[in-house]
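Listed below, chain by chain, are the residues.
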Amino acid sequence: AADYDEVDEMKEWERSVDVICVCTTEGDIRPLRLRLKDGADGWIRVDIDQILRVDQDRRFGSESITFLCGGQVRDCRRFFEIKYAVRSHVWSLLSS
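To keep things clear, this report deals only with the structure shown in the data block. The residue numbering used here restarts from 1 in each chain and proceeds along that chain's sequence as written. For a predicted model such as this one, the threshold for reporting local features is a pLDDT of at least 70, and the threshold for listing and counting side-chain atom pairs is 80 or more; totals across whole chains, interfaces and linings nevertheless cover every residue. The basis for the side-chain values is all heavy atoms of the structure; hydrogens and waters are excluded.

### A short note on unusual backbone geometry
The backbone of His-89 shows a phi angle near 60°, a positive value even though the residue is not glycine. Secondary structure elements follow DSSP: runs of H or I of four or more residues count as helices, runs of E of two or more count as strands, with numbering from the N terminus. Inspection of the secondary structure assignment puts His-89 in the loop between strand S5 (76-85) and strand S6 (90-94). Exposure is judged per residue with a 1.4 Å probe applied to protein chains only, and the accessible area is read against the type maximum: over 50% gives exposed, under 20% gives buried, and values in between give partly exposed. Residue His-89 is classed as exposed on the basis of its relative accessible area of 56%.

Printed below as a string of structure tokens:
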């Protein structure tokens, strides 16, 4: 039951997250793993194994890249969006 609680908690947040990514020689960014704080108990780790869509957005002078991803939260499969703000170098998990 704890695994499902963690997945539900992930869905409620729209906040900054830590991301490990790869930057290719062509300049593309590919997120591999993210983690977010899980209250006092530690961290929730998500291994990203699928990128379904990549959208670039250039509005109001700021540039961002949004990724629709598939990944594992322990034993549970989830789909989610994360956004990379190019200028500030901040990753965010977006509410679904």
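On we go from here.
### Considering the state of the cysteines
In this description, the term disulfide denotes a pair of cysteine sulfurs within 2.5 Å. Going through the model one piece at a time under the given rule, you end up with zero disulfides. We note that Cys-23 lacks a disulfide partner, and the nearest cysteine sulfur, in Cys-21, lies 4.6 Å from it.

### Looking at the pattern of salt bridges
Basic side-chain nitrogens of Lys or Arg form a salt bridge, by our definition, when they fall within 4 Å of a carboxyl oxygen of Asp or Glu. Using the criterion set out here, one finds eight salt bridges in the structure. Arg-77 serves as the salt-bridge partner of Asp-49, at 2.8 Å between the closest nitrogen and oxygen. With a gap of 28 residues between them, Asp-49 in strand S3 (residues 43-59) and Arg-77 in strand S5 connect regions that are remote in the sequence. By relative accessible area, Arg-77 is classed as partly exposed at 32%. When the shortest N-O distance is used, the salt bridge between Asp-55 and Arg-53 registers 2.8 Å. Here the residues in one salt-bridge network are Arg-33, Arg-45 and Asp-47, joined through shared partners.

### What about the side chain of Ser-64?
With respect to the helices and strands, the residue Ser-64 is situated in strand S4 (residues 62-73). Leaving out residues up to four positions away in the same chain, Ser-64 has contacts with Asp-55, Gln-56, Asp-57, Lys-83, Tyr-84, Ala-85 and Val-86. Here, two residues are considered to be in contact whenever any of their heavy atoms come within 4.5 Å of each other.

### A closer look at the packing of aromatic side chains
How two aromatic rings sit relative to each other is given by the distance of their centres and the angle of their planes. Only centres within 6.5 Å qualify two rings of Phe, Tyr or Trp (six-membered ring in Trp) as a pair; their planes then separate them into stacked at under 30 degrees, edge-to-face at over 60, and tilted for everything else. Overall, the coordinates contain two aromatic pairs when judged by the stated rule. Every member of this aromatic cluster is reached through a ring pair, and the members are Phe-67, Tyr-84 and Trp-91. A ring is considered to have a charge above it if a Lys NZ or an Arg CZ atom is located within 6 Å of its centre and within 35 degrees of its normal. The ring centre of Trp-43 lies 3.9 Å from the NZ or CZ of Arg-35, which sits over that ring.

### A short note on the sheet that holds S6
As summarised here, the arrangement of the six strands in space is S1-S2-S3-S4-S5-S6, forming a closed barrel in which the pairing is antiparallel. With strand direction ignored, the average angle separating the axes of adjacent strands in the sheet is 40°. At least two bridges found by DSSP between two strands are what make those strands a pair. As judged from the three bridges shared by strand S1 (residues 15-23) and S6, these two strands associate in the antiparallel manner. Following the sheet pairing, Ser-16 is matched in S6 by Ser-92. Geometry is summarised by axes, namely lines fitted to C-alpha atoms with helices restricted to the contacting stretch, and by angles between N-to-C directions that run from 0 to 180 degrees.

### Details of the pairing of S3
For strand S2 (residues 29-37) and S3, the ladder comprises five bridges, and the chain directions are antiparallel. The residue of S3 that forms the bridge with Leu-36 is Ile-44. Here S2 hands over to S3 after five residues, with Gly-39 in that stretch at a positive phi of 55°. Bridge count for S3 against S4 is twelve bridges, and the pairing is antiparallel. Counterpart to Gln-56 in the pairing with S4 is Ile-65. Joining the antiparallel neighbours S3 and S4 is a turn of two residues, in which Phe-60 adopts a positive phi near 50°.

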